[in-house]
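# Report on the structure
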Amino acid sequence: MIRTRFAPSPTGYLHIGGVRTALFNWLLARQSGGQFILRIDDTDRQRNVQAALQPILDGFRWLGLDWDEGPEADGPFAPYFQSQRGELYRRAVQQLLASGHAYRDYSTTEELQQQRREAEKAGRTFVYDRRWMAADDQQAQAFAATGRSCVVRLKMPREGECVIQDGVRGEVSVQWASEQDHVIQRADGSCLYHLASVVDDHAMQITHVVRAEEHLPNTPRQVFIAQSLGYPLPQYAHLPYVAEPGGSAKLSKRKLTKYRKNKEFQALMEHGERIAKRVRTEISEETFNPVIVDFYREIGFLPDAILNYLLLLGWALDGEREHFSREEMIKHFSLERVNKSPASFDPQKLLAMEVDWMMQLQRKRKIALVLPYLQAAGLVADPPPCEIAGLIGGVLEAAGDRVKMAGDILDFDFMFVAATDMPYDANAAAKHLQANPAACELLTKFIARLDQIEPFDPATIETAFKSFCAEHEIKVGQLIGALRVATTGQAVGFSMFETLTLLGRTETAHRIAQSIKKFRN
RNA sequence: GGCCCCUUCGUCUAGCGGUUAGGACACCGCCCUUUCACGGCGGCAGCACGGGUUCGAGUCCCGUAGGGGUCACCA
């Protein structure tokens, strides 16, 4: 039975790299009928945990990464908040103390820093001389009498090596001598992450610890803790981190300004902002950032596309197949095929993946996805009028992959406004209407022709328009631009004749007339 | 700086001793076309470097270089 866990600290947001780690853990559990556990590493903070946790849980729910045990799910090993498990950790510390694997240390932070600096200056590795280690209770009392407080440190081995069997990297060995006597319990009695993590992983019967590679250097001390406590070791696997676009450093929420210099990343952000500006009021780096999952949810990405993209960031089945549904991911995923090297986040590939998934969506589902955006932008009432689904569906179909994410429907806002509210692209109007009185003349004549088009569908309109142009001895291309601007306000868009069909005979006539009135010299 | 990890087209990757080094995204042409896209066809582009081992190395070994991670009473 495989049991995996993802252990976020409540920071208030879900990092895209974290999602990949979580996904791999989830996949491992799901493919074996095991459990995926969410455990909150809040040993360091007590306040506002719930508020800082909510965005993370929301993110998981939106992505469809369900957890079997954890916050709001409970489970046999509750509580799943480390801040509520202090007693367990303190017992482990007692055990370590009793067995001689840890000791009370009365040194001060300043003293240690001083020693570290000296070691550094002398060019040698700092090794604590255990000067303030209390060998027994008597000595502890003597140290305490001088007014010192104590922490508990691990009494790490100083010779030999620690060999870690890693599910991704294979065998990794580290000299014990390069390790420090890490603190596991603070002066105030609270315990630190490494201790808590090991204790919880064991208590919660975690079989596979799959986490980001920045934890690799921490692993020896965790192995030491586990072994000292008599725990069997979990299977470790350290995933390479997700690197920044066009770079090799770890993707970080804080480096947005730098990423903006990357053309593709910039394009993604601007795309997102274009949508966000229409559906919400405030846009700040804290809440609207492509490194955070919320960004994609807000602008209408498909969770499946994101998961699929992330899956391929560091894992491949055979280098050919790229599209995986959840079921397929679960079926095919394996740690052995996870890459060892970091993979940089590529906004363009993500977008391409999103388009692929979007194009596979059924019409009904797509309409439902897009509707909230139209409503948020004030283009469709809430509740929506029942005939609107036909229009939305038609626009979606005509737009094809121009609607890459749900929020892109707003690019076609002109299809949903009254003629009088139709926004014009100034350049397009100037070029095709204002500077082109001949086109305006012809369009006025074309209005009259509209009534003769029966049925009012793309093919018939096209035939009518083409013969209209022929009658007036011009090429279709010479007039269609003006027609487009007159009916949509835009220079570009999807098929002209489908556009007119969707608009309907009356609205088409209305828009042409209005545009000519507005722009004819 | 110490320790650890990593290194195939611009990017994500396939490759597990013998391949014209394959795919995808991006990019560039051409075709299609009423605009923008889609689509079709074609193209550009890669084994970091140096030594070994071997009949033969992208693949195994050792160095070098480069990149990265980590060195807390943070997680």
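Only a predicted model underlies this, so the values are computations on that prediction, with no experimental measurement involved. (Residues numbered from 1 in each chain as written. Chains lettered and ligands numbered in written order. Predicted model: local features only at pLDDT ≥ 70, side-chain atom pairs only at ≥ 80, totals over all residues. Heavy atoms only, no water.)

### A word on the packing of aromatic side chains
Using the following cut-off: Geometry of aromatic contacts follows a simple scheme: Phe, Tyr and Trp rings, the Trp one being its six-membered ring, pair when their centres are within 6.5 Å, and the pair is stacked under 30 degrees between planes, edge-to-face over 60, tilted otherwise. Relative accessibility decides the category of a residue: with a 1.4 Å probe and only protein chains considered, values under 20% of the type maximum give buried, values over 50% give exposed, and everything between is partly exposed. When the NZ atom of lysine or the CZ atom of arginine is within 6 Å of a ring's centre and also within 35 degrees of its normal, the charge is said to sit over that ring.
Under the criterion given, the structure shown has 21 aromatic pairs. Ring centres of F60 and W67 lie 6.2 Å apart, and the angle between their planes is 80°; this geometry places the pair in the edge-to-face category. Each member of the pair, F60 together with W67, is buried. Of the aromatic side chains, those joined through ring pairs into one cluster are F6, F36, F60 and W67. Its guanidinium or amino end placed over the ring of Y13, K253 lies 4.5 Å from that ring's centre, counting from NZ or CZ.

### With respect to the pairing of strand 1 (residues 3-6)
Operational definition: Strands are runs of DSSP state E lasting at least two residues, helices are runs of H or I lasting at least four, and both sets are numbered from the N terminus onward. For two strands to be treated as a pair, DSSP must find no fewer than two bridges joining them. Place the viewer so that the strands point away; then a crossover is right-handed whenever the path from the first strand over the helix to the second strand goes clockwise.
In strand 1, alternate side chains face the same way, and those of R3 and R5 on one face and T4 and F6 on the other are all buried. The pairing of strand 1 with strand 2 (residues 35-38) spans four bridges and is classified as parallel. In the sheet register, R3 faces strand 2, and the bridge partner there is Q35. Between the parallel pair strand 1 and strand 2, the chain is carried across by helix 1 (residues 16-31), and the sense of this crossover is right-handed.

### Observations regarding the layout of surface pockets
Remark: the empty space left among the atoms is shown by a probe the size of a water molecule rolled over them. Applicable threshold: Whether a set of points on the 1 Å grid over the protein atoms alone is a cavity depends on a 1.4 Å probe fitting there but being unable to get out, while an open set qualifies as a pocket with protein on both sides within 12 Å along at least five of seven lines; lining residues are those with an atom within 4 Å of a point. Grid points are joined across faces, edges and corners, and a volume is the space filled by probe spheres set on the points. Three categories are distinguished: nonpolar for Ala, Val, Leu, Ile, Met, Phe, Trp, Tyr, Cys and Pro, charged for Asp, Glu, Lys and Arg, and polar for the others, with Gly belonging to the last.
Space inside the largest pocket adds up to approximately 780 Å³. Secondary structure elements with two or more residues in the lining of the largest pocket: strand 1, helix 1 and strand 9 (208-212). A total of five residues in the lining of the largest pocket trace back to one element, the largest contributor, which is helix 1. For the lining of the largest pocket, the per-class residue count stands at 13 nonpolar, nine polar and seven charged.

### Things to note about the environment of Q266
Of note, Q266 is situated in helix 9 (residues 263-279). Sequence separation between Q266 and V370 is 104 residues; the distance between their C-alpha atoms is 24 Å.

### A look at the protein's contact with RNA strand B
Let me state the cut-off plainly: Distances are taken per atom, and a residue is near a molecule or strand as soon as one of its heavy atoms is within 4 Å of it. We define a polar contact as two N or O atoms separated by no more than 3.5 Å, with the added condition that, inside protein, one atom must be a possible hydrogen donor and the other a possible acceptor, whereas residues neighbouring each other in sequence contribute only through side-chain atom pairs.
In the vicinity of RNA strand B, 60 residues are found, and the nearest of them are R169, Y241, E322, R402 and G493. Among atoms of RNA strand B positioned within 4 Å of the protein, sugar and phosphate together represent 72%. Within the backbone of G314, one N or O atom sits 2.7 Å away from a phosphate oxygen of RNA strand B. Here a base nitrogen of RNA strand B and a backbone polar atom of G493 are 2.5 Å apart. Elements with a contribution of two residues or more to the surface near RNA strand B: helix 4 (109-121), strand 7 (170-175), helix 6 (193-203), strand 12 (343-344), helix 13 (347-360), helix 19 (476-488) and helix 20 (496-503). In terms of residue class, the surface near RNA strand B is made up of 24 nonpolar, 18 polar and 18 charged.

### Quick look at the side chain of N262
Our working definition: Note on contacts: a residue pair qualifies if any of its non-hydrogen atoms lie within 4.5 Å across the two residues.
The residue N262 is located in the loop between helix 8 (256-259) and helix 9 in this model. One polar contact links the side chain of N262 to the main-chain amide nitrogen of F265, over a distance of 2.8 Å. Setting aside chain neighbours within four positions, we find N262 in contact with P245 and G246.

### Re the pairing of strand 9
Of all five residues in strand 9, five are buried, a share of seventy percent or more. In terms of strand pairing, strand 9 meets strand 10 (residues 235-239) through five bridges, oriented parallel. Looking across to strand 10, one finds that H208 is bridged to Q235. Following the backbone out of strand 9, through helix 7 (residues 219-228) and into the adjacent parallel strand 10, one traces a crossover that is right-handed.

### A word on the packing of helix 11 (residues 303-311) against helix 13
Condition: Lines are fitted to the C-alpha atoms to define the axes, a helix being fitted only along its stretch in contact, and any angle between axes, read from their N-to-C directions, falls within 0 to 180 degrees. Roughly parallel means an angle under 35 degrees; roughly antiparallel means over 145; roughly perpendicular covers 65 to 115; every other angle is labelled oblique. It is the rotation of the near helix from the far one that decides the hand of a crossing: anticlockwise by less than a right angle makes it left-handed, clockwise makes it right-handed.
It is the contact of helix 11 with helix 13, at a shortest axis distance of 9 Å, that shows an interaxial angle of 135°. In this view, helix 11 runs oblique relative to helix 13, as classed from their interaxial angle. With respect to the hand of their crossing, helix 11 and helix 13 are arranged in right-handed fashion. For the pair helix 11 and helix 13, contact is made by D304, A305, I306, N308 and Y309 and by K349, L350, M353, E354 and W357, respectively. For the contact of helix 11 with helix 13, the class distribution of residues is six nonpolar, one polar and three charged.

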